[in-house]
Amino acid sequence: MNTSGSNIAIYGAIGANILIAISKFIAAFFTGSSAMLAEGIHSSVDTGNGLLLLLGVKRSEQKPDKQHPFGYGKEVYFWSFVVSMLVFSVGGGFALYEGIYALQHPTINENTLWSYIVLFAAILFEGTALFISMKTFNKNRTSKNLFKSIVQSKDAATFAVVIEDSAAIIGLLIALLGTFLSQQFENPYFDGGASILIGILLLLVATLLAHESKDLLLGESADKSVIMKINDILRKNRYVENWNVPLTMHFGPNNILFTVELDLKDTLSLEESQEVIAQIRKDIKDAEPKIGRVFIHSKDFEK
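Residues numbered from 1 in each chain as written. Predicted model: local features only at pLDDT ≥ 70, side-chain atom pairs only at ≥ 80, totals over all residues. Heavy atoms only, no water.

Student: Sorry if this is basic, but what is going on with the overall build of the chain here?
Tutor: Looking only at helices and strands, the chain features nine helices and four strands. Going from the N terminus to the C terminus, the chain shows its helices and strands as α-α-α-α-α-α-α-α-β-β-β-α-β. Relative to the compact-globule value of 19 Å for 303 residues, the chain shows a C-alpha radius of gyration of 25 Å, a clear excess of over 25%. For the chain, the C-alpha atoms occupy an extent of roughly 85 × 30 × 30 Å along the three principal directions. Across the 303 residues of the chain, 49% fall into the buried class. Contacts in the chain between residues at least 24 apart in sequence constitute 75% of all its contacts with a sequence separation of at least 6. Looking at the chain as shown, the accessible area adds up to about 15,100 Å², and 63% of this sits on carbon and sulfur atoms. With 26 positive and 30 negative side-chain charges, the chain shows a spacing of 7 Å between the two charge centroids. (Helix = DSSP H or I, 4+ residues; strand = E, 2+ residues; numbered from the N terminus. Rg over C-alpha atoms; globule rule 2.2 N^0.38 Å. Buried < 20%, exposed > 50% of the residue type's maximum accessible area, 1.4 Å probe, protein only. Contact = heavy atoms within 4.5 Å. Areas by Shrake-Rupley, 256 points an atom, 1.4 Å probe, with all protein chains shown as cover. Lys, Arg positive; Asp, Glu negative; His and termini not counted. Charge placed at Lys NZ, Arg CZ, Asp CG, Glu CD.)

Set out below in structure tokens:
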């Protein structure tokens, strides 16, 4: 599995989040901003998540063995699911807690200049990380609609980074707005409200990420375009009379398992049937390089 693109996106996100988390915690210390503290925790969680995704990518590259004959490609999907749980529990949960605490114990933030400097710098860093992850994601993008492309994507490591970076940008804008309104109206409730909104945002993001990772873990099929290619190959083969619905499953972004049952012409001998199946297997792999294993069963072998 080619993972160099995913790694670049993850490294970019980790580097940005380390710098941003440090600067946010410094700003939160000097200003007392709950939204800034929530954002600091958010960036820390994102840093840890990036490391977990790297672990998943690394483990997915292990070669098949007796215990895992189809390889370890789904390691990426498992760790993406773990990341979604961390975003939900640690990121979203802490942001909500901090926001509610700030509403119950309102204080006017001081030294807001720190907040503005950090927030604008963070937006720049996160924007750079998002640009890198989007550039990687767009290489295999299936639709102009970003949400639809994420739903259809099988590269959990890359779309997880895109989702997290996008959420980070939105969270920073919310924190910026909360800080501005809190200062303008001398009302600390805006800051606490911003922290709560950031928490809700992270809960929604975690839910989306968990849903997509879960589908891939359970064995999501290949895209319709892949199935159409295969059906076209079978349809054009003059020795194929009929076939059942092709069954596919992703064992990684670039590793698809394919199986189908064929009904070949009765005039073929057993040896000829084997040759036809061997050619069909080659045609399928040539048409779709992501298909790693092809299992074709012919009713003729039962005769």
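Student: Is there a simple way to explain helix α8 (residues 224-236) in this structure?
Tutor: Helical periodicity: at 3.6 residues per turn, an α-helix aligns residues three or four positions apart in one direction. When the terminal C-alpha atoms of α8 are compared, their 18 Å separation across 13 residues agrees well with the 18 Å that a helix rising 1.5 Å per residue should span. Turning to α8, its buried residues number three or more, namely Val226, Ile227, Ile230, Asn231, Ile233 and Leu234. What you see down the axis of α8 is that its buried residues fit within an arc of 155 degrees, all on one side. Counted as exposed and oriented over 90 degrees from the buried face of α8: Lys224, Met228, Arg235 and Lys236. (Expected span 1.5 Å × (residues − 1). Arc of directions from axis to C-beta.)

Student: What is the right way to read the side chain of Ser153 from this model?
Tutor: Positionally, Ser153 belongs in the loop between α5 (146-152) and α6 (156-184). With sequence-adjacent residues up to four places away left out, Ser153 is seen in contact with Phe137, Phe159 and Leu216.

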